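Read off the chains here:
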Protein chains: 2
Amino acid sequence: MSSKSHLTYGARASNHPNALARKLFQVAEAKKSNVTISADVTTTQELLDLCDQLGPHVAVVKTHIDILSDFSEKTIAGLQALAVKHNFLIFEDRKFIDIGNTVQKQYHGGALRISEWAHIINCSVLPGEGIVEALAQTAAARDFTYGPDRGLLILAEMTSKGSLATGPYTVSSVDYARKYKEFVVGFVSTRALSEIDSSASSPSPEEDFVVFTTGVNLSSKGDKLGQQYQTPQSAIARGADFIIAGRGIYTAPDPLDAVQRYQREGWEAYLARVQ
Amino acid sequence: MSSKSHLTYGARASNHPNALARKLFQVAEAKKSNVTISADVTTTQELLDLCDQLGPHVAVVKTHIDILSDFSEKTIAGLQALAVKHNFLIFEDRKFIDIGNTVQKQYHGGALRISEWAHIINCSVLPGEGIVEALAQTAAARDFTYGPDRGLLILAEMTSKGSLATGPYTVSSVDYARKYKEFVVGFVSTRALSEIDSSASSPSPEEDFVVFTTGVNLSSKGDKLGQQYQTPQSAIARGADFIIAGRGIYTAPDPLDAVQRYQREGWEAYLARVQ
């Protein structure tokens, strides 16, 4: 459990040095939602419809922008307008995983124009420290015009069956997050990681990384390709600050009803944790 | 060293059960080249110019298609035409790393239309077995019209500083390659991995995975973001069947002269190995 997990989002927002982390907590508090919708539809129209319908009930919309068959300027403009209309942040789940020189070009200036519209990105530390250093360097460059409204999550653990994002991999994720904490706002993980104390780094008293947990589903235990699910309650009790749900919401018979259920259960679990 | 590393590309082509592996070896033999050019330029025109200029001297062109600022139909059509003109294969270095349900959409039908034009793709096994199973399933589906001319490399090791693609991660890479060998043609790794004998799998006498080694450079030892280089000779002596070089060629004062130097040195190192 994070040393800050017992604090309210509001309290964490007021003390956090990172602008994007503050924004995340403020949005959650304002909307009484810690839900991230994993919007894994495959056309721009479906994506925009989904964001417009469910946007009022989520804090973050998570995209895999490259699964859209018709990605274009219209996708970007539409997403950005809805993010303003419904006050949500956009998380492109690109899972960068390459050498520093390459990820800089993939993040900023490439075909998918990720730096322009994604407030949050993520990366794997499989390649070593260079990937985190390179992304942080790009965001800190003088000609990077998107300012402090950008941040990186490190993919420290995965929820799929047989995940190898464990042990030394997870420890290195925490080490690099601490080293590059100006750009790294937190983790995609199954639990808070603030107790990790390694030969390279130790938790500081003010450390407050934001935890996103994937694979949250109220009615299914998994899929046929290795995904494994848990509930909002169990994820939040383990330290999730934001719960990521996809098919549990958008393939439900009534997605609007479903997202409100995840919102309510996620919020109650959060209230129980901070009491 | 692979049990097949001492055989000529021609001999390996004639015995290999996988159509794409046969094609790779045939192209190498026909062009007397085991060079893969890592074409990390950022506009379609630069990419097509580079492929047209260097195409006659390489077996494979490796792309990061998402770093292009102007990816379009023209990119795909141009690449495909040049692949035919110069008899090279295309390897999209996407490094898929997600749950099975997501990578299927990223590979086939998405914004970058990877299944249409990339003969070779690669993935990390960090998420577990599901990612390999899912990609193999997509390629084996009845409505997948690109036939046997497609294959997957598993990213079993990386050349960047502090890479965590080692130990149990590399062993799992080999286990999954053996289990899904109809679609997995080989590895991106720093050496042949055929001696790995794990609790899940053992090498069979006919096993013949193709080894691609990145970070090959004749004149530099590394960059400022953690990339580390080795020479064509050292890579091939360790089991590389195809050597991947990027900046060593395309940023050289005379790229055509440079690619011919890599072609010659790579081929001589191969001849020395099979003698």
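Residues numbered from 1 in each chain as written. Chains lettered and ligands numbered in written order. Predicted model: local features only at pLDDT ≥ 70, side-chain atom pairs only at ≥ 80, totals over all residues. Heavy atoms only, no water.

Here we come to the UniProt feature "active site" (unreviewed entry) in chain A. According to UniProt, the "active site" (unreviewed entry) feature falls on Asp-93, Lys-95 and Asp-98 of chain A. Mapped onto the secondary structure, Lys-95 of chain A falls in strand β3 (residues 89-96). Look at Lys-95 of chain A and you get buried, because its relative accessible area is 6%. Other than its neighbours up to four places away in sequence, Lys-95 of chain A contacts His-64, Asn-122, Cys-123, Leu-155 and Met-158 of chain A together with Ile-97 and Asp-98 of chain B. Take Asp-98 of chain A: it is sitting in the loop between β3 and α5 (100-107). On the basis of relative accessibility, which here comes to 5%, the residue Asp-98 of chain A falls in the buried class. With near-sequence residues (within four places) excluded, Asp-98 of chain A lies in contact with Val-103, Gln-106, Pro-127 and Ile-131 of chain A together with His-64, Asp-93, Lys-95 and Met-158 of chain B. Among the polar contacts listed, one links the side chain of Asp-98 of chain A to the side chain of Lys-95 of chain B, at a separation of 2.8 Å. (UniProt positions renumbered as here; feature names shortened; annotations may be inferred. Helix = DSSP H or I, 4+ residues; strand = E, 2+ residues; numbered from the N terminus. Buried < 20%, exposed > 50% of the residue type's maximum accessible area, 1.4 Å probe, protein only. Contact = heavy atoms within 4.5 Å. Polar contact = N/O pair within 3.5 Å; in protein donor to acceptor, adjacent residues only side chain to side chain.)

With that settled, the discussion passes to the packing of aromatic side chains. All names here are of chain B. Scanning the model with the defined rule gives 24 aromatic pairs over all chains in all. Between the aromatic rings of Phe-25 and Phe-242, the centroid separation amounts to 6.5 Å while the plane-to-plane angle is 25°, which identifies the pairing as stacked. One end of the pair, Phe-25, is in helix α2 (residues 19-31); the other, Phe-242, is in strand β8 (residues 242-245), and 217 residues separate them in sequence. Among the residues examined, Phe-25 registers a relative accessible area of 0% and is labelled buried. Taking the relative accessible area as the measure of exposure, Phe-242 reaches 0% and is therefore buried. Judged by centre distance (5.0 Å) and plane angle (20°), the rings of Phe-212 and Phe-242 are stacked. Residue Phe-212 is found in strand β7 (residues 210-213), and its partner Phe-242 is found in strand β8; the two are separated by 30 residues along the sequence. For Phe-212, a relative accessible area of 0% puts it in the buried group. (Phe/Tyr/Trp six-rings, centres within 6.5 Å; stacked < 30°, edge-to-face > 60°.)

A word on the environment of Ile-121 of chain B. Residue and element names in this part refer to chain B. Along the chain, the position of Ile-121 falls in strand β4 (residues 120-123). With 115 residues separating them along the chain, Ile-121 and Ile-236 place their C-alpha atoms 21 Å apart. In this view, Ile-121 contacts Phe-91, Glu-92, Phe-96, Tyr-107, Ile-114, Leu-135, Gly-151, Leu-152, Leu-153 and Phe-183; residues no more than four positions away in its chain are not counted.

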